[in-house]
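Structural overview for review
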Amino acid sequence: MGGIIDKITEFIKEMLQGWVLDNLSSMFTDINTKVGEIAGEVGQTPSAWNGSIFSMIRSLSENVMIPIAGLIISAILCYELITMAMDKNNMHEIGSEFFFRYLVKACIAVMLLSKTFDITMAIFDVGNHIVTNAAASISGSTSLDVEATLTTMFNNQLSTMGIGELIGLGIETMIVSLCMKIMSVLITVVLYGRMIEIYLYISVAPVPFATFSNREWGGIGNNYIKGLCALAFQGFFIMVCVGIYSVLVASIAVAGNLHTALWSVAAYTVMLCFSLFKTGSLAKSVLHAS
């Protein structure tokens, strides 16, 4: 009778061990997958992320914003001419060089407006180059070896646990896995929110670009360029956060206490989510973009 009970107990333990290992495998695989997804999402330019949205935004910019920007340039140039005339004693002290400078300024303003989209995309191409290089380093050095990690966990702790402890551990792994899936949704919100913000910035690009030709209004255009650069470099900060997270998760000492390791993974995931939410404000503070 004792042998039958032992076999039943061993069978239940094997089932529970398989359940726990499946939960752990799914959790650590999700970590690797999410790291790869973040690198892939952040490393895309606005045109590559969603071609349909990009075409719509470009159409809005060219057909709606450029006429408004043209009106702004006209108003600024008229203001510049009036100011120039008043500053030079009602045109009594104006030479031909002033008209030449005025003509050059007008040509530069029109040229900037005509190249608005190319300049905007060039900023994100530079940001994409930086993020791509960062992703290559981070993804290559911090990917978790799921099979080796699970083998270490099983050999060091799971094989010696009783039925009650395995049931408790299985419930813990389910809770932690659920928390990580919720965090994954929030991380996706951050990534998609960044891209939507980029599209919104691009859609009104001609308007701030139209202010560059005026010293007083030029601050609008300068701040806009800083905002674009901040969005581009936000991707780099996101990759740094992912790299730190991956290193922390990979260095968890599973041989010591498995329960502590599980909740450490959950804590690190919450920390990653919080850090990603802060990358936007950090990038803007670094570049002094309001």
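Details of the structure are given in the entry above.
Residues numbered from 1 in each chain as written. Predicted model: local features only at pLDDT ≥ 70, side-chain atom pairs only at ≥ 80, totals over all residues. Heavy atoms only, no water.

**Here's the deal with the overall build of the chain**
When helices and strands are tallied, the chain shows ten helices and zero strands. Going through the 290 residues of the chain one by one, you find that 40% of them count as buried. Taking the intrachain contacts of the chain between residues at least 6 apart in sequence as the baseline, contacts between residues at least 24 apart amount to 86%. As displayed, the chain offers around 15,100 Å² of accessible surface, 67% of which is attributable to carbon and sulfur atoms. (Helix = DSSP H or I, 4+ residues; strand = E, 2+ residues; numbered from the N terminus. Buried < 20%, exposed > 50% of the residue type's maximum accessible area, 1.4 Å probe, protein only. Contact = heavy atoms within 4.5 Å. Areas by Shrake-Rupley, 256 points an atom, 1.4 Å probe, with all protein chains shown as cover.)

**Some thoughts on the environment of C273**
Take C273: it is sitting in helix 10 (residues 258-286). On the accessibility criterion, C273 (4% relative accessible area) is buried. The sequence separation of C273 and I187 amounts to 86 residues, and the corresponding C-alpha distance is 5.8 Å. Among residues more than four places away in sequence, those in contact with C273 are M183, L186 and I187.

**A short note on the side chain of S203**
Inspection of the secondary structure assignment puts S203 in helix 7 (residues 163-203). Overall, S203 belongs to the buried group, its relative accessible area being 13%. At a separation of 2.6 Å, a polar atom in the side chain of S203 contacts the main-chain carbonyl oxygen of L200. Sequence-distant contacts of S203, that is, excluding residues within four places in its chain, are made with I57, S61 and M65. (Polar contact = N/O pair within 3.5 Å; in protein donor to acceptor, adjacent residues only side chain to side chain.)

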